[in-house]
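Structural features, examined
What follows is each chain in one-letter form.
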Amino acid sequence: MQRSIYIRPLGIYAVSRDAASAETPRDVWGGLPLAGGPLAFSALEMLERAPGGTIRRIVGLGELFERDWGRHTLAASDLIEAIRAPRPRLAGLSLDRPRLMGIVNVTPDSFSDGGQHEGAAAAIAHGLRLVDEGADILDVGGESTRPGSDAVAVDDEIRRVIPVIEGLRARTDALISIDTRKADVMRRAAAAGADILNDVSALTHDPRSLEVAAESGLPVMLMHAQGDPKTMNDNPQYDDVVLDVFDFLEQRIRACVAAGISKARLVVDPGIGFGKHLVHNVAVLNAMSLYHGLGVPVLLGASRKKLIGQLCNVEDPKARVPGSLAAALHSISQGVQIVRVHDVRETRQAVAVWEAVQAGSEAAIVRPAVS
Ligand code: 9MG
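A brief report on the enclosed structure follows. Predicted model, so just to flag it, every value in this text is computed and none were measured.

**Considering the site of the ligand**
Taken together, the residues surrounding the ligand are Thr145, Asp179, Asn198, Val200, Met223, Asp269, Phe274, Leu299, Gly301, Lys305 and Arg340. One of the side-chain N or O atoms of Asn198 is found 2.8 Å from a nitrogen atom in the ligand. In this structure, an oxygen atom belonging to the ligand sits 2.7 Å away from a side-chain N or O atom of Lys305. Considered on its own, the ligand offers 300 Å² of accessible surface; in the complex 96% of this is hidden by protein. Per-class residue counts for the shell around the ligand are four nonpolar, three polar and four charged.

**Details of the pattern of salt bridges**
This structure, assessed with the given rule, holds 26 salt bridges. Residue Asp195 is joined to Arg169 by a salt bridge in which the shortest nitrogen-to-oxygen separation is 2.8 Å. Taken together, the positions of Asp195 in the loop between helix H6 (183-192) and strand E8 (196-199) and Arg169 in helix H5 (residues 154-171) put the pair 26 residues apart, joining distant regions of the chain. Judged by its relative accessible area of 25%, Arg169 falls in the partly exposed class. Linked through salt bridges whose partners overlap, the residues forming this network are Glu143, Glu157, Arg181, Lys182 and Asp228.

**Quick word on the pairing of strand E4 (residues 55-60)**
Two faces make up the sheet, and in a regular strand the side chains alternate between them. Judged from the six bridges that link them, strand E3 (residues 39-48) and E4 form a sheet pairing that is antiparallel. When the sheet's bridge partners are listed, Ala43 is paired in E4 with Gly60. Hairpin connection between E3 and E4: a loop of six residues separates the two successive antiparallel strands, and Gly53 in this loop has a positive phi of roughly 125°.

**Some thoughts on the packing of aromatic side chains**
Under the definition given, this model contains two aromatic pairs. Centroid distance Tyr6 to Phe246: 5.4 Å. Interplanar angle 90°. Geometry classified as edge-to-face. Here Phe246 lies in helix H8 (residues 241-258) and Tyr6 lies in strand E1 (residues 5-14), a separation of 240 residues in the sequence. We note that Tyr6, like Phe246, is buried. Three or more aromatic residues link up through ring pairs in this structure, and these residues are Tyr6, Phe246 and Tyr291. Cation over ring: Arg3 sits above Tyr6, and NZ or CZ is 5.9 Å from the ring centre. When the ring centre of Trp69 is taken as origin, the NZ or CZ atom of Arg67, which lies over that ring, is 4.5 Å away.

**Remarks on the sheet that holds strand E12 (residues 338-341)**
The eight strands are arranged E10-E9-E8-E7-E6-E5-E12-E11 in an open sheet whose pairing can be described as parallel. Each edge of the open sheet carries a strand with a single partner, namely strand E10 (266-269) and strand E11 (299-300). The pairing of strand E6 (residues 137-141) with strand E7 (residues 175-179) spans five bridges and is parallel. Within E7, the residue paired with Ile137 across the bridge is Leu175.

**Brief notes about the pairing of E7**
The element E7 is largely enclosed, with a buried count of five among its five residues. Where burial is concerned, the two faces of E7 agree: the one with Leu175, Ser177 and Asp179 and the one with Ile176 and Ile178 are both buried. Crossover handedness for the path E6 to H5 to E7: right-handed. Bridging between E7 and E8 involves three bridges; their strand directions are parallel.

**Focus: the nonpolar core**
Judged by nonpolar contacts, the single largest core of 88 residues is most densely connected at Val140, Val164 and Tyr291. Ranked by the residues each element gives to this core, the list is headed by H8, at nine residues. Each residue touching Val140, except ones within four places of it in the same chain, is listed here: Val104, Val106, Val161, Val164, Ile165, Leu168, Ile176, Ser177, Ile178 and Asp179. Counting residues in hydrophobic clusters, the runner-up holds eleven residues, among them Met101, Ile137, Ile196 and Met221.

The rules behind these values
Residues numbered from 1 in each chain as written. Predicted model: local features only at pLDDT ≥ 70, side-chain atom pairs only at ≥ 80, totals over all residues. Heavy atoms only, no water. Near = heavy atom within 4 Å. Polar contact = N/O pair within 3.5 Å; in protein donor to acceptor, adjacent residues only side chain to side chain. Areas by Shrake-Rupley, 256 points an atom, 1.4 Å probe, with all protein chains shown as cover. Nonpolar A, V, L, I, M, F, W, Y, C, P; charged D, E, K, R; others polar. Salt bridge = Lys/Arg side-chain N within 4 Å of Asp/Glu carboxyl O. Helix = DSSP H or I, 4+ residues; strand = E, 2+ residues; numbered from the N terminus. Buried < 20%, exposed > 50% of the residue type's maximum accessible area, 1.4 Å probe, protein only. Pairing = 2+ DSSP bridges. Phe/Tyr/Trp six-rings, centres within 6.5 Å; stacked < 30°, edge-to-face > 60°. Lys NZ or Arg CZ within 6 Å of the ring centre and 35° of its normal. Right-handed = clockwise from strand over helix to strand, strands pointing away. Core = buried A, V, L, I, M, F, W, Y, C linked by side-chain atoms within 4.5 Å. Contact = heavy atoms within 4.5 Å.

See below:
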């Protein structure tokens, strides 16, 4: 059954670290903590699907608690609790400050100019460089999921990613996620030392992936996509993209929990660029804080993507770094816990400045500066 209402936190502001970790809402004066992190919210937008289109109402927190919401009361209180509750650690990583996931693509157009072995060595060196630059997670992927790209055979994908995961595991304690849609790749990657599964199909592509993910015991990143990479951006269709993405992710969380993957192991991602035109991508980015209502950490990947090129008329993905930084900073100021990026050094610098300015203190910069 489709849910009746949705809640998007608004009026988001930074709170001191002590207040952010406090259990009781009273400790954040005038607001409620956002997912137990460094931010709080003081108002919200209530969204309701209606025959003529979504109805939106902006409500202060005071009004929320004073007014009788009739048939929406239970749904509203469940959503507020999901938005407010602190998130557990992810594979040991605390999510009380923004975390960076560095991209390590192991596809023929990235590192394999000199053959399979040289490709793996270059990918490992790249991953280690990203860790030096401040990556908390390395996302290793052997199948391009760019719009229009062809699927890769499972054996080829395994041949590409396993030596890289093994090489990284032997050399760094940074978390490693495996970016794959295939159950066999997940199983082999877990055995090689991967800490997290990142599936752009939210465990829908491979009929065995739910079972394998459950057995692995690893956390899972569930991303929204409409359609397959080959054709997904031809003609995406939504009633209300922001709410449709929410419903899809909520339904995938339920499927995971039913398959034995606890909610504490899940992360959601609205999937920028996956079956979405510019109008959809911008709407989703605008509404990022809504996804905290799913009660699990939120991940965003907009780095170097086409929407930045479209908004700024920049053809070359490598020239989209400033736009990527804007998307990353926007999302962390909405309480997004993890951003997936190519340009770790630049993003780390931007986030450090954001953290210091939010807190009004340079002491808020919790990682040493990188060159
Ligand atoms: C593999 N991959 C490419 N883009 C991505 C995104 O936006 N999110 C996640 N989770 N994975 C992605």
